[in-house]
Amino acid sequence: MLPTNHKTIFVLDHTPYFGISSDFPIDFDVSKSRGAGYVPLPAICKSLWTCSVEASVEYCRIVWDLFPEGKLVRFIVSDAAAHILNTWALAQQNLTHILNGLCLVGPVRRGAGGDVVGLCAAIESLAEASPIQSSRPSTERLFQNRGRIICITSARDDDSIRSLAEIAMNTLVQQNKKASVAQPPTTTDASTSTQSLVVHYCHLVIINVTPEKAETRVNNQPLTEMGGGIMGVEVIVCRASTLANLLGKLVLPHYRLAITTVTGIPMKEEQNASSSANYDVEIVHSAEAHAGLRASQTAAEATESVVLRWWTPRGAEGGAGGCNGPLWRVTPADVASRPSACLVNFLLNGRSVTLEVPTRKAGCRSASHVLAAQGGELWIGALGGRTPYEDPPALSEGAGGRVTDYRIKEFGALMQQNKIHPLRGNGSNTRARTKLQRHTTYWPLTISSTLIFNLGSVMEPLTRLVVQESLTEDEVESCRGVLLSLLGMETRHEFPSAQLPTNLRGKSSGRREEQWRQVWGELEALVRAHSNSSPHRALLRTLLECKSHNHSNEGDSSRATVIRATTDSPLSPVGAGNGNGDVWAPRNALDALLGAPRPPRRPDFAGRLTAGNRIATLYPQMQQDVETQN
């Protein structure tokens, strides 16, 4: 079923009354910097006919800009006769054809006539088949011929309006009777058929136009059904100066359109090219583009323009192709304004604009739409209708804006070392998974949870070589040299605190014994995680020998206390305190990726379990004791 806006007909009153002034002065002399003695030009006033022509033509411009096909508009000028300016043919659906026809009609002349003859001609035009309707088979039962007539006239009172609606209703009934008894066309060419169609519904909008200072006895009337629902009549009263705004608002519900106000557009001033100011431009498009924004709005807010803020253009490479969702055509609401022209030229030059939802909360931005040109036409695309979101904080920023000690640079190096590439052969996935598990088995997440990765050159090249798949003899000797150097420092009761970062020098463990226990524990955890080859295992044996050299049994009890305190920490992995109790290992990257098991849910309140669906009573024994005493 074709919608009512498939066919629209404008009936313009061309009687002598529309030749009078609108009584709305327009300042014609825009230049104020005149010399002394200059007589300014007087203000001018448009006629009612000029106001009605400009408003109806602007209505058509919006429709044809947004709907190049499928939405047809016809013009009928009514005076002593009905002057039909165009047909339903697609070649005549453009402003050039309409303006040429209006020029041939000419200005308002003296003579008799009125809007009745034009209204009757409009009813007959609705019965004519459009190209889309002609292409449909005549046997299609769901075929519906619907249309809208917008009659711009001026009546004396409500009785005259009622009489005009009754004439249109009678004409529609007679036209349907004539169409129902008409014989089917004998020719097989549907384009040459003159068969009349039955009008199933006609929406008649009567706009009563008056000069600015004139009084009228016509009142607004809501949509009223007539003839059993085949015609709906709506009466709107307006001044000539507001007719253009009225039709600009009527086109929105007639074609399910919406207005977006693009605010904050930076533009250079004509007088001073070095300065710029922010302007607002209203654009018209399909209401579906606001589907994601209307969900949080009330019914009253949905009728108003949606304000979206200009975001920094993304450059010529953006375009409408950057939007993966649907696109809708866009046209300016005021095509003659300078800000609108600048915005259109900006987009037609290949640039695109991101629009965001204005929010009052600092740092909260929501990119909702993209505005671009493609194929010489303007388009708007929705970016998913996301709700406002805060910019995600950087990884180095914790809660409350504090800078945390995550090993960000080292984590980037870890990702570079474990890039997954498509490999051929059996066991490729297993090898990649094994390598990733080996690299993350012991990998401290924060700077403050490790010492060996903060000692810098003291641990080089051990921490760099031990993560390799295999080690050569020279590399093993280099790592042994690092271990022996550490053993010598411990023997001399020294600790390389100068190698630690400044923020950790005062925060590290106070006693050197505890610091060395942590160093040897971390080294053992690191080497054990990578002991997948015989050179690694040989290095591990050397490490264990160096570790036990200065650690006698007399300090085992105190050392066990320290180990228990660290392994019982929530940052320690599960089972870190089992087996070799002297392996110091905080929570590592592998545990963070796999996720620590959640603790079992605490048992529910016994009273709630006993009560079932009823309300649980607290301390029921107290109530029993009171009843026993009484």
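Residues numbered from 1 in each chain as written. Predicted model: local features only at pLDDT ≥ 70, side-chain atom pairs only at ≥ 80, totals over all residues. Heavy atoms only, no water.

- Under an unreviewed UniProt entry, the name given to the chain is Protein asunder, and the source organism is Pieris macdunnoughi.
- Per UniProt, the chain has the following entry under Sequence similarities (unreviewed entry): "Belongs to the Integrator subunit 13 family."
- The Subunit (unreviewed entry) field of the UniProt record for the chain holds the comment "Belongs to the multiprotein complex Integrator, at least composed of IntS1, IntS2, IntS3, IntS4, omd/IntS5, IntS6, defl/IntS7, IntS8, IntS9, IntS10, IntS11, IntS12, asun/IntS13, IntS14 and IntS15. The core complex associates with protein phosphatase 2A subunits mts/PP2A and Pp2A-29B, to form the Integrator-PP2A (INTAC) complex." (UniProt positions renumbered as here; feature names shortened; annotations may be inferred.)

Regarding the overall build of the chain
(1) Moving on: Summing up its helical and strand segments, the chain has 20 helices and 18 strands in all.
(2) Moving on: Residues counted as buried form 40% of the 630 residues belonging to the chain.
(3) Moving on: Counted over contacts in the chain with a minimum sequence separation of 6, partners at least 24 positions apart contribute 70%.
(4) Moving on: By element, 54% of the accessible surface of the chain is carried by carbon and sulfur atoms, the whole surface being about 35,600 Å². (Helix = DSSP H or I, 4+ residues; strand = E, 2+ residues; numbered from the N terminus. Buried < 20%, exposed > 50% of the residue type's maximum accessible area, 1.4 Å probe, protein only. Contact = heavy atoms within 4.5 Å. Areas by Shrake-Rupley, 256 points an atom, 1.4 Å probe, with all protein chains shown as cover.)

Observations concerning the environment of S485
(1) Moving on: Residue placement: S485 occurs in helix α13 (residues 473-491).
(2) Moving on: The class of S485 is partly exposed, set by a relative accessible area of 35%.
(3) Moving on: Along the chain, S485 and M459 lie 26 residues apart, while their C-alpha atoms are 9.4 Å from each other.

Looking at the pattern of salt bridges
(1) Moving on: In total, this model carries 14 salt bridges according to the counting rule given.
(2) Moving on: A salt bridge links E460 to R464, with the nearest nitrogen and oxygen atoms 3.4 Å apart.
(3) Moving on: We classify E460 as partly exposed; its relative accessible area is 37%.
(4) Moving on: Residue E477 is joined to R480 by a salt bridge in which the shortest nitrogen-to-oxygen separation is 3.0 Å. Of this pair, E477 and R480 both sit in helix α13, three residues apart, roughly one helical turn.
(5) Moving on: Among the charged side chains, a network of salt bridges with common partners joins E58, R61 and D65. (Salt bridge = Lys/Arg side-chain N within 4 Å of Asp/Glu carboxyl O.)

Side note on the sheet that holds strand β8 (residues 221-226)
(1) Moving on: The strand order β5-β4-β1-β6-β7-β9-β8 describes an open sheet built from seven strands, whose pairing is mixed. Each edge of the sheet is formed by a strand with only one pairing partner; in this case those strands are β5 (82-84) and β8. Each adjacent strand pair in this sheet contributes to an overall mean axis angle of 20°, direction not counted.
(2) Moving on: Examined bridge by bridge, β8 and strand β9 (residues 231-239) share four bridges and lie antiparallel to one another. Of the residues in β9, the one forming a bridge with Q221 is V235.
(3) Moving on: Packed onto the sheet, helix α6 (residues 243-255) meets β1 (7-13), β4 (72-78), β6 (146-153), β7 (201-210) and β9 and runs at close to 165° relative to β7. (Pairing = 2+ DSSP bridges. Axes fitted to C-alpha atoms, helices over the stretch in contact; angles between N-to-C directions.)

Some details on the side chain of H254
(1) Moving on: Here H254 shows up in helix α6.
(2) Moving on: Residue contacts for H254: discarding those within four places in its chain leaves N5, Y59, R148, I150 and H203.

Description of the side chain of N86
(1) Moving on: Tracing the sequence through the fold places N86 in the loop between β5 and α2 (95-105).
(2) Moving on: Within the structure, N86 has its side chain in polar contact with the backbone nitrogen of F75 (distance 3.0 Å).
(3) Moving on: Those residues in contact with N86 that sit more than four places away from it in its chain are V73, R74, F75, Q92, Q93, H97 and I98. (Polar contact = N/O pair within 3.5 Å; in protein donor to acceptor, adjacent residues only side chain to side chain.)

Remarks on unusual backbone geometry
(1) Moving on: For the bond running from E460 to P461, omega is 0°, close enough to zero to count as cis.
(2) Moving on: Counting through the fold element by element, P461 comes out in the loop between α11 (428-440) and α12 (462-465).
(3) Moving on: Of note in the backbone geometry, H493 takes a positive phi value of approximately 55° without being a glycine.
(4) Moving on: Take H493: it is sitting in the loop between α13 and α14 (502-505).
(5) Moving on: By relative accessible area, H493 is classed as exposed at 58%.

Considering α11
(1) Moving on: Across its 13 residues, α11 extends 19 Å between first and last C-alpha, which sits within 8% of the 18 Å expected from 1.5 Å per residue.
(2) Moving on: If you check which residues of α11 are buried, you get S428, R438, H439 and T440. (Expected span 1.5 Å × (residues − 1).)

Considerations on the packing of aromatic side chains
(1) Moving on: Overall, the coordinates contain 10 aromatic pairs when judged by the stated rule.
(2) Moving on: Each ring, one from F495 and one from W516, has its centre 5.3 Å from the other, and the planes form 80°; the classification is edge-to-face. Within this pair, whereas F495 is found in the loop between α13 and α14, its partner W516 is found in helix α15 (residues 512-529), the two being separated by 21 residues in sequence. For the pair shown, F495 and W516 are each scored as buried.
(3) Moving on: These aromatic residues form a ring-pair network of at least three members: F10, Y59, F67, F75 and Y255.
(4) Moving on: Note that K71 overlies the ring of F67, its terminal NZ or CZ placed 5.7 Å from the centroid. (Phe/Tyr/Trp six-rings, centres within 6.5 Å; stacked < 30°, edge-to-face > 60°. Lys NZ or Arg CZ within 6 Å of the ring centre and 35° of its normal.)

What about the nonpolar core?
In summary, soluble globular proteins display a tendency toward joint burial of nonpolar side chains.
(1) Moving on: Among the nonpolar cores identified, the biggest contains 41 residues, and F10, I152, I207, L243, L247 and L257 are the most heavily contacted of them.
(2) Moving on: Examining the composition of this core, we find that 12 residues originate from one element, helix α1 (residues 48-66), more than from any other.
(3) Moving on: In this view, F10 contacts S56, Y59, C60, V73, R74, F75, I76, I150, I152 and L247; residues no more than four positions away in its chain are not counted.
(4) Moving on: Formed by 31 residues, the second largest nonpolar core is a distinct cluster that contains V476, W516, W520 and L543. (Core = buried A, V, L, I, M, F, W, Y, C linked by side-chain atoms within 4.5 Å.)

Some thoughts on helix α5 (residues 158-180)
(1) Moving on: Taking 1.5 Å of rise per residue, 23 residues should cover 33 Å, and α5 covers 33 Å from first to last C-alpha, within 8% of that figure.
(2) Moving on: Here α5 has its buried residues at D158, I161, L164, A165, A168, M169, T171, L172, Q175, N176 and A179.
(3) Moving on: Buried residues in α5 make contact with α3 (116-127), β6, β7, β8 and β9.

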